Amino acid sequence: MDNKSPDAFRTISEVADDLDIPQHVLRFWETRFSQIKPLKRGGGRRYYRPDDVALLKGIRRLLYGEGYTIKGLQRILKEQGPRYVQAIGRGGEIAGGGAAAPAPVVAPAPFVPARAEPAAGPQPMQPHQPAAMEPGFAAKALLSSLPRAAQPLVGADDLAFLKATLSELVECRRLLHGALAAASAGEEG
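For clarity, every value in this text was computed on a predicted model and none was experimentally measured.

**Concerning the overall build of the chain**
For step 1, the next point in the chain: Along the backbone of the chain there are 7 helices and 3 strands.
For step 2, the next point in the chain: Across the 189 residues that make up the chain, the buried fraction comes to 23%.
For step 3, the next point in the chain: Long-range contacts, defined here as pairs at least 24 residues apart, represent 59% of the contacts in the chain between residues at least 6 apart.
For step 4, the next point in the chain: As displayed, the chain offers around 12,900 Å² of accessible surface, 59% of which is attributable to carbon and sulfur atoms.

Structure, rendered in structure tokens:
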């Protein structure tokens, strides 16, 4: 995009390359954010104005860099307007517009089971689950689906926190399955 004037319109492929996201994500964003209105020519070709590109850069920064959800970003666009998000796309400060920052992530206290002794009786054997149900499968799929620029945002500390949280959830699931199995065995007997 270096050989074009800053005021020139950009094609969807140029914008996707500049933002380092796939073209289908730009099309998806058009369905979620009514403020994105590229000029459409014959054959459905999209041409983005400089303001459109700035808005897309702001959306990308808020979604991937700052951790906002689509719903949260829709609220910002409604309350602050597209000019605010365009300013963010041009490198402006996020806090300066008065938008509420996303809630900070607070590490939960470590999981401590209510009773330390093992459950009475043998635990029923659980059949092997298919790969789609394996713990962490959805998280791994989600992380791998992120654009390359968003993937480095998950640092070693974040990864350790996510692994610890996953371990706690797996333990909760095991305890729940044991309790359900004991309850159903009590009903049958």
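**Quick look at the environment of leucine 63**
For step 1, the next point in the chain: Along the chain, leucine 63 falls in helix α3 (residues 50-65).
For step 2, the next point in the chain: Between the alpha carbons of leucine 63 and leucine 73 there is a distance of 7.5 Å; along the sequence they are 10 residues apart.
For step 3, the next point in the chain: For leucine 63, the contacting residues outside a window of four places in its chain are Trp29, Tyr68, Thr69, Ile70 and Leu73.

**Describing the sheet that holds strand β1 (residues 10-11)**
For step 1, the next point in the chain: With respect to topology, 3 strands assemble into an open sheet ordered β1-β3-β2, the strand pairing being antiparallel. Strand pairing shows two members of the sheet lacking a second neighbour, β1 and β2 (39-40), which therefore form its edges.
For step 2, the next point in the chain: When β2 meets strand β3 (residues 46-48), the two strands line up antiparallel, connected through 2 bridges. Looking at the pairing, leucine 39 lines up with tyrosine 47 of β3.
For step 3, the next point in the chain: Most of the contacts of α3 go to β3, to which it runs at about 85°, and overall it touches β1 and β3.

**Focus on helix α5 (residues 82-89)**
For step 1, the next point in the chain: Turning to α5, its buried residues are Tyr84, Val85, Gln86, Ile88 and Gly89.
For step 2, the next point in the chain: Directly after α5, the chain includes glycine 91, whose backbone phi takes a positive value near 100°.

**Remarks on the nonpolar core**
For step 1, the next point in the chain: Ranked by size, the top nonpolar core spans 26 residues in total, and within it Leu26, Trp29, Ile59 and Val85 carry the most contacts.
For step 2, the next point in the chain: Those elements that place two or more of their residues in this core are α1 (12-19), α2 (23-32), α3, α4 (70-80) and α5.
For step 3, the next point in the chain: At 7 residues, the largest contribution of residues to this core is made by α3.

**Notes on the pattern of salt bridges**
Opposite charge on two side chains lets them pair, provided their charged atoms get close.
For step 1, the next point in the chain: Evaluated as defined, the whole model comprises 8 salt bridges.
For step 2, the next point in the chain: Arginine 174 is paired through a salt bridge with glutamate 171; the nearest N and O atoms lie 2.7 Å apart. Remark: glutamate 171 and arginine 174 occur in helix α7 (residues 156-188); sequence separation between them is 3 residues, near one turn of the helix.
For step 3, the next point in the chain: For arginine 174, a relative accessible area of 44% translates into the label partly exposed.
For step 4, the next point in the chain: Through salt bridges with shared partners, a single network forms among Glu30, Lys40 and Arg46.

**Topic: the side chain of aspartate 52**
For step 1, the next point in the chain: Relative to the helices and strands, aspartate 52 is located in helix α3.
For step 2, the next point in the chain: The contact partners of aspartate 52, leaving out residues within four places of it in the chain, are Lys37, Pro38 and Tyr47.

**Looking at the packing of α1 against α3**
For step 1, the next point in the chain: Direction vectors running N to C along α1 and α3 enclose 35°, while the axes themselves pass 11 Å from each other. By crossing handedness, the relation of α1 to α3 is classed as right-handed. In this structure, α1 contributes Val15, Asp18 and Leu19 to the contact, and α3 contributes Val53, Leu56, Lys57 and Arg60.
For step 2, the next point in the chain: Partitioning the contact of α1 with α3 into residue classes produces 4 nonpolar, no polar and 3 charged.

**A short note on the side chain of glutamine 86**
For step 1, the next point in the chain: Topologically, glutamine 86 is positioned in helix α5.
For step 2, the next point in the chain: The class of glutamine 86 is buried, set by a relative accessible area of 7%.
For step 3, the next point in the chain: At 3.2 Å, the side chain of glutamine 86 and the side chain of arginine 83 are in polar contact.

How each quantity is defined
Per-chain numbering applies: the sequence of each chain, read as written, is numbered from 1 onward. Whole-chain, interface and lining totals are the exception, using all residues; otherwise, since this is a predicted model, local features are given only for residues with pLDDT of at least 70 and side-chain atom pairs are given and counted only at 80 or more. Note that water and hydrogens are dropped before the side-chain values are worked out from all heavy atoms of the structure. Numbering of helices and strands runs from the N terminus, with a helix taken as a DSSP run of H or I at least four residues long and a strand as a DSSP run of E at least two residues long. Buried means the residue's accessible area, taken with a 1.4 Å probe over protein chains only, is under 20% of the maximum for its type, while exposed means over 50%, and partly exposed covers the values in between. Should any heavy atoms of two residues lie within 4.5 Å, those residues are counted as being in contact. Accessible areas in this description were obtained via Shrake-Rupley with a 1.4 Å probe; residue shielding takes into account the shown protein chains only. By definition, two strands form a pair when at least two bridges between them are found by DSSP. Only the stretch in contact is used when a helix axis is fitted, and all axes are lines through C-alpha atoms; the angle between N-to-C directions ranges over 0 to 180 degrees. For this analysis, a nonpolar core means a set of buried residues of the types Ala, Val, Leu, Ile, Met, Phe, Trp, Tyr and Cys, connected via side-chain atoms within 4.5 Å. Any Lys or Arg side-chain nitrogen located within 4 Å of an Asp or Glu carboxyl oxygen qualifies as a salt bridge. Rotating anticlockwise by less than a right angle from the far helix to the near helix defines a left-handed crossing, while the corresponding clockwise rotation defines a right-handed one. Three residue categories are used. Nonpolar comprises Ala, Val, Leu, Ile, Met, Phe, Trp, Tyr, Cys and Pro, charged comprises Asp, Glu, Lys and Arg, and polar comprises the others, including Gly. Pairs of N or O atoms are called polar contacts if they sit within 3.5 Å, as long as, within protein, a hydrogen donor faces a hydrogen acceptor (for residues adjacent in sequence, only side-chain-to-side-chain pairs).

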